[in-house]
Amino acid sequence: MGAQDVLSRKTGVIVGDDVLALFTYAREHKFAIPAINCTSSSTVVASLEAARDSKSPIVLQFSQGGAAFFAGKGVDNKDQFASIQGAVAGAHYVRAIAPAYGVPVVLHTDHCAKKLLPWLDGMLDADEKYFKEHNEPLFSSHMIDLSEEPVDWNVETTARYLKRAAPMKQWLEMEIGITGGEEDGVNNEDVDNNSLYTQPEDIMNIYKTLSPISPYFSIAAGFGNVHGVYKPGNVKLHPELLGKHQAYVKEQLTAAGQKNVGDKPVYFVFHGGSGSAKQEYLDAINHGVVKVNMDTDMQFAYCSGIRDYMVTKKEYVSTAVGNPDGEDKPNKKYFDPRVWVREGEKTMTTRVKEALADFNTAGTL
Ligand SMILES: [Zn+2]
């Protein structure tokens, strides 16, 4: 018995009840699926290769900037045009290629702050159009991040978007509390410490508001997480807070007369984990984290393979012809992008596999 047994679609992009079933399975079996930020077909296949080799499900996600990059930096991003087009193109690409790797894939989009909402609106238009033709949304899920806005407005607006996603059984991830640090232009480095930790009442309020609309939602709650690169030990994480949130929601639901509430009613997401210790991840996973975002570490991993190649092969890529083996020796087999881009893919694949092992996802299919 593995994660694939609970899915109606075993490989490729999964949607709706399969996404719910996968996250429920992960929560029960105490693993979290790494969500890899992808910016190109190359980073998509590097991630898929790792998932296939590790017999794991995977989440592939596009950020607003990553989606624009997928479209090409030459496309104007006025009114989020490039980010919408790039995300849609990336989604079709992932849908087409994922079955070749034989693993289930959750196709997701990352942080969408208030000023980026036109991006989310554009993607939802594409989802609804796709839904009309295929009876499922183009993307498995999206993320809305209004954590920098007043809490009431955050929850209200998230609920409005969940209402739009619900008829398509589309998952929505939301964020509450502020994740520190800097990532993709979102800078929270100078926010005071108390707001880094979400309160149980906030989680209950979200649960109460969203669950009557649809069961397809998860919460990225701040428990001291930091976006970006930090030395291990510099981040004070309190994953035990997530356990308190779960207990509080369970207690409130039970008091309200709801029957058979499990110990972990909430699906949590871990943002800003770069630099965390493995045990901190595992503690968070034990408290119901089912998805961990991986961006910074993956960028570094991808870069390192290409960096090492260029440094060691410098004299073979400096001119088209001529290298230390002879002045008339051709260098085509060294400067072919398939050779050096592949080196980045290899180091990224290795890093994704490490994450799959760290979060207990490896071997779960
Ligand atoms: Zn976040």
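Numbers given to residues run from 1 along each chain, matching the order in which its sequence is written. For this predicted model, a pLDDT threshold of at least 70 governs which residues receive local features, and a threshold of 80 or more governs which side-chain atom pairs are given and counted, while totals over whole chains, interfaces and linings are taken from all residues. Heavy atoms throughout the structure, all of them, feed into the side-chain values; hydrogens and water do not.

As recorded in an unreviewed UniProt entry, the chain goes by the name Fructose-bisphosphate aldolase, listed as coming from Pseudomassariella vexata. UniProt positions are given in the numbering used here, feature names are shortened, and annotations may be inferred rather than shown by experiment. What UniProt records for the chain under Catalytic activity (unreviewed entry) is the sentence "beta-D-fructose 1,6-bisphosphate = D-glyceraldehyde 3-phosphate + dihydroxyacetone phosphate". Listed in UniProt under the heading Pathway (unreviewed entry), the comment for the chain reads: "Carbohydrate degradation; glycolysis; D-glyceraldehyde 3-phosphate and glycerone phosphate from D-glucose: step 4/4."

Now for the pairing of strand E6 (residues 171-176). Looking down a regular strand, the side chains alternate between one sheet face and the other. E6 sits mainly inside the fold: 6 of its 6 residues count as buried. In E6, alternate side chains face the same way, and those of Trp171, Glu173 and Glu175 on one face and Leu172, Met174 and Ile176 on the other are all buried. Any two strands are treated as partners once DSSP identifies two or more bridges connecting them. Going along the chain from the N terminus, every DSSP run of H or I of four or more residues is numbered as a helix, and every run of E of two or more is numbered as a strand. Note: strand E5 (residues 141-144) against E6, 4 bridges, orientation parallel. Paired with Ser141 across the bridge in E6 is Trp171. Crossovers are described as right-handed under a simple rule: with the strands pointing away from the observer, the path leading from the first strand over the helix to the second runs clockwise. In the classification by handedness, the crossover that spans E5, the intervening helix H6 (residues 151-165) and the parallel E6 is right-handed. Where E6 and strand E9 (residues 217-221) come together, 5 bridges link them in parallel fashion. Among the inter-strand pairings, Met174 is bridged to a residue of E9, identified as Ile219. A simple rule labels every residue: compare its accessible area, found with a 1.4 Å probe on the protein chains alone, to the largest value its type can have, and call it buried under 20%, exposed over 50%, or partly exposed in between.

With respect to burial, strand E3 (residues 58-62) is a largely interior element, 5 of its 5 residues being buried. On E3, burial covers both faces: Ile58, Leu60 and Phe62 on one face and Val59 and Gln61 on the other are all buried. This β-α-β element, strand E2 (residues 33-37) to helix H2 (residues 41-53) to E3, shows right-handed connectivity. When E3 meets strand E4 (residues 104-109), the two strands line up parallel, connected through 5 bridges. Bridge pairing in E4 places Gln61 opposite His108.

Here an axis means a line fitted to C-alpha atoms, over the contact stretch when the element is a helix, while the angle between two N-to-C directions is reported on a 0 to 180 degree scale. The geometry of H2 relative to helix H13 (residues 337-358) is characterised by a closest axis approach of 8 Å and an angle of 45° between their N-to-C directions. Between H2 and H13, the angle falls in the class oblique. By crossing handedness, the relation of H2 to H13 is classed as right-handed. Residues Ser42, Thr43, Val45, Ala46, Ser47, Glu49, Ala50, Ala51 and Asp53 of H2 touch H13, and the partners they reach there are Val341, Arg342, Glu345, Met348, Thr349, Val352, Lys353 and Leu356. Put simply, Ala, Val, Leu, Ile, Met, Phe, Trp, Tyr, Cys and Pro go in the nonpolar bin, Asp, Glu, Lys and Arg in the charged bin, and everything else, Gly too, in the polar bin. Considering only residue class, the contact of H2 with H13 consists of 8 nonpolar, 4 polar and 5 charged. Each angle gets one of four labels, with under 35 degrees taken as roughly parallel, over 145 as roughly antiparallel, 65 to 115 as roughly perpendicular, and the rest as oblique. Crossing chirality is assigned from the near helix's rotation relative to the far helix, an anticlockwise turn below a right angle marking it left-handed and a clockwise turn marking it right-handed. Residue contacts follow a heavy-atom distance rule, with two residues in contact if any of their heavy atoms lie within 4.5 Å.

Another aspect to go through is the nonpolar core. Throughout this description, the term nonpolar core refers to a set of buried Ala, Val, Leu, Ile, Met, Phe, Trp, Tyr and Cys residues connected via side-chain atoms within 4.5 Å. Ranked by internal contacts, the top residues of the largest apolar core, which has 80 residues, are Ile36, Ile58, Leu60, Val94, Ile219 and Val289. Sort the elements by how many residues they give to this core and helix H5 (residues 117-134) lands first, with 7 residues. Not counting the four nearest positions on each side in its chain, Val289 is found in contact with Phe31, Ala32, Leu242, Phe268, Val269, Phe270 and Ala284. Membership of the second largest hydrophobic core comes to 18 residues, among which are Ile14, Ala35, Val59 and Val106.

Next up on the list: the environment of Lys114. If you trace the backbone, Lys114 turns up in the loop between E4 and H5. On the basis of relative accessible area, Lys114 is assigned to the partly exposed category, the value being 41%. In the structure, Lys114 is positioned 104 residues away from Lys10 in sequence and 35 Å away in space, judged by C-alpha atoms. Ignoring anything within four residues of it in the chain, the contact list for Lys114 reads Asp145, Leu146, Glu149 and Trp153.

It is worth spelling out the packing of aromatic side chains at this point. By convention, a stacked pair of Phe, Tyr or Trp rings (six-membered ring in the case of Trp) has centres within 6.5 Å and planes under 30 degrees apart, an edge-to-face pair has planes over 60 apart, and any other such pair is tilted. Enumeration over the complete set of coordinates arrives at 10 aromatic pairs. Pairing Phe62 with Phe70 gives two aromatic rings, centres 5.4 Å apart and planes at 75°, and the pair type is edge-to-face. Through a chain of ring-to-ring contacts, the aromatic side chains of Phe223, Phe270, Tyr281 and Phe359 assemble into a single cluster. Definition used: whenever NZ (Lys) or CZ (Arg) falls within 6 Å of the ring centre and also within 35 degrees of the ring normal, the charge is taken to sit over that ring. The cationic tip of Arg27 hangs over the ring face of Tyr267; the distance from NZ or CZ to the ring centre is 3.9 Å.

Moving on, we get to unusual backbone geometry. Notably, Lys30 is not glycine yet its phi reads approximately 55°, a positive angle. You can see Lys30 is positioned in the loop between helix H1 (17-29) and E2. Non-glycine residue Asn260 carries a positive phi angle of around 50°. Note on placement: Asn260 falls in the loop between helix H8 (240-255) and strand E11 (268-270). Classification of Asn260 as exposed rests on a relative accessible area of 80%.

Moving on: H13. Take the number of residues in a helix, subtract one, and multiply by 1.5 Å to get its expected span. The first and last C-alpha atoms of H13 sit 31 Å apart over 22 residues, in line with the 32 Å expected at 1.5 Å per residue. For H13, the complete set of buried residues consists of Val341, Gly344, Glu345, Met348, Thr349, Arg351, Val352, Ala355, Leu356 and Asp358. Here the buried face of H13 lies against E2, H2, E3, helix H9 (278-286), strand E12 (289-294) and helix H10 (296-312). One or two residues past the end of H13 sits Asn360, with phi positive at roughly 65°.

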